Amino acid sequence: MAIATRLGSYEKRAARRYVRIAAVLAAGLFLCLHQTHGTSRAMLATTSVTRASVSTAANDLSRTVATSSNRRMTAREARACHVQEDVSDDLETGWGDLEDLALKYQQILLMISTLPQHVHSNRNIQGDKQLWNSLSKLSEPYMPIFKVKHDSKLFTEDFQKEIVASSIPCIIEGLIENDDGWKGAREKWASPEKMIKHYGDYPLCIKEVDGEMVRVPLRMYFEYAKTTSADFPVYLCEKELPLAILQDYSNPVPFRDDLYQKVLPDEDQLHPWLAYLLIGGRGTGSPVHRDPIGSGAWNALLHGKKRWCLFPPGTNKTLLDLPSDGDSQPPAYWWQDVYPKIKNHPKVTNIEVIQKPGEIMFVPAGWYHVVMNLETSIAVTQNFVLPSMLKNAAKTLLKENPKLSKVFLMRLMKLRPELVLALRSAWLKDAMLTKKPVVVGESWPRKKAGDETTTTTTTTTTPTT
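Residues numbered from 1 in each chain as written. Predicted model: local features only at pLDDT ≥ 70, side-chain atom pairs only at ≥ 80, totals over all residues. Heavy atoms only, no water.

## Some details on the packing of aromatic side chains
For the structure shown, the criterion picks out 18 aromatic pairs. Ring centres of Tyr221 and Tyr224 lie 5.8 Å apart, and the angle between their planes is 45°; on these two criteria the pair is classed as tilted. Separated by three residues within a single helix, Tyr221 and Tyr224 lie in helix H13 (residues 218-227), roughly one turn from each other. Just as Tyr221 is buried, Tyr224 falls in that class too. Measuring from centroid to centroid gives 6.4 Å for Phe311 and Trp334, while their planes differ by 70°, and the two rings are edge-to-face. (Phe/Tyr/Trp six-rings, centres within 6.5 Å; stacked < 30°, edge-to-face > 60°. Helix = DSSP H or I, 4+ residues; strand = E, 2+ residues; numbered from the N terminus. Buried < 20%, exposed > 50% of the residue type's maximum accessible area, 1.4 Å probe, protein only.)

## Topic: the side chain of Arg215
Along the chain, Arg215 turns up in strand S4 (residues 212-217). Within the structure, the side chain of Arg215 is placed 3.4 Å from the side chain of Glu240, a separation counted as a polar contact. (Polar contact = N/O pair within 3.5 Å; in protein donor to acceptor, adjacent residues only side chain to side chain.)

## Examining the packing of helix H12 (residues 192-199) against H13
Where H12 contacts H13, the two axes come as close as 9 Å, and the packing angle between them is 160°. Regarding the angle of H12 to H13, the classification is roughly antiparallel. Crossing handedness for the pair H12 and H13: left-handed. Of the residues in H13, those in contact with Pro192, Met195, Ile196 and Tyr199 of H12 are Leu218, Arg219 and Phe222. Residue composition of the contact of H12 with H13, by class: six nonpolar, no polar and one charged. (Axes fitted to C-alpha atoms, helices over the stretch in contact; angles between N-to-C directions. Parallel < 35°, antiparallel > 145°, perpendicular 65-115°, else oblique. Left-handed = near helix turned anticlockwise from the far one by under 90°. Contact = heavy atoms within 4.5 Å. Nonpolar A, V, L, I, M, F, W, Y, C, P; charged D, E, K, R; others polar.)

## Section: the pattern of salt bridges
Inspection of the entire model under this criterion finds 16 salt bridges. Across the pair Arg123 and Asp337 runs a salt bridge, and its minimum N-O distance is 2.8 Å. With a gap of 214 residues between them, Arg123 in the loop between helix H6 (98-113) and helix H7 (129-135) and Asp337 in helix H17 (residues 331-337) connect regions that are remote in the sequence. Residue Asp337 is classed as partly exposed on the basis of its relative accessible area of 31%. A salt bridge links Arg219 to Asp201, with the nearest nitrogen and oxygen atoms 3.3 Å apart. With Arg219 in helix H13 and Asp201 in the loop between H12 and strand S3 (203-209), this pair connects stretches of sequence that are 18 residues apart. (Salt bridge = Lys/Arg side-chain N within 4 Å of Asp/Glu carboxyl O.)

## Comments concerning the sheet that holds strand S9 (residues 306-311)
Spatial strand order, S7-S12-S9-S10: four strands in an open sheet with antiparallel pairing. Of all the strands in the sheet, just strand S7 (285-289) and strand S10 (351-355) have a single pairing partner and so form its edges. When strand polarity is set aside, the average angle formed by the axes of neighbouring strands in this sheet is 15°. (Pairing = 2+ DSSP bridges.)

## Some details on the pairing of strand S11 (residues 360-363)
Burial along S11 is two-sided: Ile360 and Phe362 facing one way and Met361 and Val363 facing the other are all buried. Sheet topology places strand S2 (residues 170-173) next to S11; three bridges connect them, and they run antiparallel. Bridge assignment links Ile172 to a residue of S11, and that residue is Ile360. Across four bridges, strand S8 (residues 296-303) lies against S11 in antiparallel orientation. Each residue of the ladder has a partner; that of Ala300, found in S11, is Ile360.

## Focus on the nonpolar core
Counting 69 residues, the largest nonpolar core has Trp182, Trp189, Tyr249 and Phe408 as the members making the most contacts within it. No other element matches H13, which puts six residues into this core. Once residues lying within four places of it in the same chain are set aside, the contact partners of Trp182 are Leu175, Ile176, Asp248, Tyr249, Ser250, Pro252, Trp298, Ala300, Leu302 and Val380. (Core = buried A, V, L, I, M, F, W, Y, C linked by side-chain atoms within 4.5 Å.)

## As for helix H20 (residues 402-415)
With 14 residues, H20 ought to run about 20 Å at 1.5 Å a step, and its terminal C-alpha atoms sit 20 Å apart, in line with that. Of all the residues in H20, the buried ones are Ser405, Phe408, Leu409 and Leu412. Angular distribution of buried residues about the axis of H20 spans 95°; they occupy a single face of the element. For H20, exposure combined with an orientation more than 90 degrees from the buried face picks out Lys403, Lys406 and Lys414. (Expected span 1.5 Å × (residues − 1). Arc of directions from axis to C-beta.)

## A closer look at the environment of Val370
Mapped onto the elements of the fold, Val370 is located in strand S12 (residues 368-373). For Val370, a relative accessible area of 1% puts it in the buried group. Excluding its chain neighbours within four sequence positions, the residues that come into contact with Val370 are Ser286, Pro287, Val288, Arg307, Trp308, Cys309, Phe311, Trp334 and Trp335.

## Some points on the sheet that holds S2
One open sheet holds the seven strands; their spatial order is S1-S2-S11-S8-S13-S6-S5, and the pairing between them is mixed. Of all the strands in the sheet, just strand S1 (146-149) and strand S5 (236-238) have a single pairing partner and so form its edges. Direction aside, neighbouring strands of the sheet carry axes that sit 20° apart on average. Note that S5 and strand S6 (residues 275-280) share three bridges and pair antiparallel. From the neighbouring strand, Cys237 faces S6, where its bridge partner is Leu278.

## Things to note about the side chain of Lys306
Mapped onto the elements of the fold, Lys306 is located in strand S9. Buried and unpaired, Lys306 has Glu375 as its nearest opposite-charge partner, separated by 11 Å. Separated by 2.9 Å, the side chains of Lys306 and Asn373 make a polar contact. If we skip the residues at most four places from it in the chain, Lys306 touches Tyr235, Asn299, Leu301, Val353, Ile354, Gln355, Val371, Met372, Asn373 and Ala379. (Lys, Arg positive; Asp, Glu negative; His and termini not counted.)

Rendered as structure tokens:
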């Protein structure tokens, strides 16, 4: 109190604000565990706030507010967004009642977690012991995945030339356990309890609405993941990684020459481009998909188990039962309904693997894959494009996002002109073979009869192979 009396009015308000931020986030845990109002009040009365928790909450609290924009949201989504706005407004100004603020965080989680995320009838998969027993082990026959040791020459020197260029999925072993760049993740992400100890008050994304993030404290999400019985559980997927979490791991050496990461992020963007922290309980995961804009990906698992099935480029999409626009189903349903039909299908080649803690999965560009968490899992993943992938990635980027393609090639020309020149040469060769027009450069001057020199831009056409 003696110190507080010497602070000016501004400093007093700031100090009170920091204490309240930490208290609100800590209160979320107690309210999640103790539903009744009386119990919550008793628990809050004994809550202590340390200098470290105040500093963490003050520096890392995200004020991203999910708001409705162009598309129509469900009533429950809209309500969750409005509650998040209330939380943000309270943190910024009035504060109101401490319990009321903590209840709002709980309300956000409740509304998002009870959203009807699919139109299928629930199957009570969380209680299906036979399903989880069958998925927890690989059944014969299956094609095993290639494995690479982190200290082998194949990984340290020849990975891009031998593995990436040949489009071979693989598991990288030993890097997380032995690389000093992963020391923080080894110590802090090894279990939900350890992650809660270090990052429990961090608000992380459980839902994206119109490009904006709806977030709740991490400790509240872990409690939800442990207790939910939903067929389609909420999956925590945070792409704006806090600095403290970014410092816990490092990009594996073979993937550091990432052209997308070096070229596309804005100068003031602090978090990596197309990097995600993934935390999910049993039954969370991803449907069958290919990674976007011609990229490959690595996925490092620190805790839990993931079941993967990978299919090479050119696999019949109808057989894989890719989700259509606007349709989604629980990841476990694919493993129940589709996987048995294609496992031994003569026209389908697939690689199966159960990823364990400490392993890094490499998924080449163009490979379809489906992933499901067999238990509560903590992972980090990042998409990338290496120089050896540039030719195909540039074609895919041009097809999927022409505007971004133009920005990428213009920036890459300034940073790595030799790669763009090689790309133009390769595209010209393709154009000569296919006799189709192709973009090979930027605007150039042309003279028209009777006119001064004018600048004309070529028409963009996706090259074919």
